[in-house]
Amino acid sequence: MRSNRIRTTVIAATALLAALSLTACGGDNDGTSDNGKAAASVPASNSSAKQSQSPDAAPQKDGTDADAAAEGTTGGTSNGTSNGTSNPDADAAKAGKTDKGSTGSTGQAGSSSKVTSDACTGGNTKTRVSKVTRPINHLLLTVTNTGSTACNAYYAPKLRFDDAQAVFPILEDSKPQAVVTLNPGESAYASIGLTGEPGAGPAPRKATHLQVNFAGRSNVGSTGSPAQLNLPADTVWDDNGFVTYWQAEMSDALTY
């Protein structure tokens, strides 16, 4: 009886130990799983925390600011370019330059008609003498600027027929309102009335040669080289004739 009771107690103790052992094993397995999950969870949390606090996160923010700054620089450049293009002051300055360039160009184009003090002479002109039908007993002098700059046909030509000592008379009534300026290629004209009223002076004389001297600005003597011309056949002249001032138009010269 006692032996059975002891056996029953041993069996019960053995069963209790087995139950405790199973309970202990189940708890370890659950702990490992929980710890695994916790371990997996904690590093993830720590990783997030590290990422939010890591040095790389600051550059990420700085990079955003840098991008914003870059955008500001680009915008500034674009605005600067745009403002530079549409800036009224800049446009005015450019327009002013353009206007000045435009004024310089006009000045250069106008240089062909600018005022000059250079006299027309035998060295920068070509002079011709020709006979005209009207008025009668007249010749026409034509002087053409063959130089590269403008010249002035001052006053009247100073003429000498053949070996005459005196300068041929000048008709003061033919004086124009302004000096005739010749641009390259342009011409001026003077008419020569060969004789005066018949019987008013010495008999007319034949001439074959005409020397044309040019007046300077002061009209004292002559300036430059003279033009030496051959006269039309049967030209006669006397002391009562005249020569006009240089005229810009042929018709004006032939009215005297």
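Nothing here was measured: the structure is a model prediction, and the numbers come from that model.

Engineer: Tell me about the overall build of the protein, residues and numbers included.
Structural biologist: Each helix and strand in the protein was counted, giving four helices and ten strands. Starting at the N terminus, the α and β elements of the protein follow one another as α-α-α-β-β-β-β-β-β-β-β-β-β-α. Buried positions account for 24% of the 256 residues belonging to the protein. Within the protein, residue pairs in contact and separated by at least 24 positions form 77% of the contacts whose partners lie at least 6 positions apart.

Engineer: Any chance you could break down the state of the cysteines for me, citing the residues and the numbers?
Structural biologist: Enumeration according to the criterion identifies one disulfide in this entry. A sulfur-sulfur distance of 2.1 Å marks the disulfide that ties cysteine 120 to cysteine 151. The S-S bond linking cysteine 120 to cysteine 151 shows a torsion near 90 degrees; that makes this disulfide right-handed. Placement of the pair is cysteine 120 in the loop between α3 (88–109) and β1 (125–131) and cysteine 151 in strand β3 (residues 151–161), with a sequence separation of 31 residues. Each member of the pair, cysteine 120 as well as cysteine 151, is classed as buried.

Engineer: Quick rundown of the sheet that holds β1? Include the residues and the values.
Structural biologist: One open sheet accounts for four strands, arranged β1-β2-β5-β10; its pairing is antiparallel. Lying at the two open borders of the sheet, with one neighbouring strand each, are β1 and β10 (242–243). One ladder, built from seven bridges, connects strand β2 (residues 138–145) with strand β5 (residues 187–193); its direction is antiparallel. Counted as the bridge partner of leucine 141 is alanine 190 from β5.

Engineer: Tell me about the sheet that holds β3, and please be specific about residues and values.
Structural biologist: One open sheet accounts for four strands, arranged β4-β3-β7-β8; its pairing is antiparallel. Bordering the open sheet on either side are β4 (180–182) and β8 (223–230), each of which pairs with just one other strand. Strand-to-strand twist of the sheet, defined as the mean angle between neighbouring strand axes without regard to direction, takes the value 45 degrees. Where strand β7 (residues 209–215) meets β8, five bridges bridge the pair, whose relative direction is antiparallel.

Engineer: Please provide a residue-by-residue account of the pattern of salt bridges, values included.
Structural biologist: With the rule as written, the count across this model stands at one salt bridge. Arginine 205 serves as the salt-bridge partner of aspartate 239, at 3.1 Å between the closest nitrogen and oxygen. A residue pair is termed long-range when its members are at least 10 positions apart, and aspartate 239 in the loop between β9 (236–237) and β10 and arginine 205 in strand β6 (residues 205–206) qualify at 34 residues. For aspartate 239, a relative accessible area of 40% gives the class partly exposed.

What counts and what doesn't
- Residues numbered from 1 in each chain as written.
- Predicted model: local features only at pLDDT ≥ 70, side-chain atom pairs only at ≥ 80, totals over all residues.
- Heavy atoms only, no water.
- Helix = DSSP H or I, 4+ residues; strand = E, 2+ residues; numbered from the N terminus.
- Buried < 20%, exposed > 50% of the residue type's maximum accessible area, 1.4 Å probe, protein only.
- Contact = heavy atoms within 4.5 Å.
- Disulfide = S-S within 2.5 Å.
- Pairing = 2+ DSSP bridges.
- Axes fitted to C-alpha atoms, helices over the stretch in contact; angles between N-to-C directions.
- Salt bridge = Lys/Arg side-chain N within 4 Å of Asp/Glu carboxyl O.

Bear in mind that shape data such as this cannot, by itself, settle questions of function.
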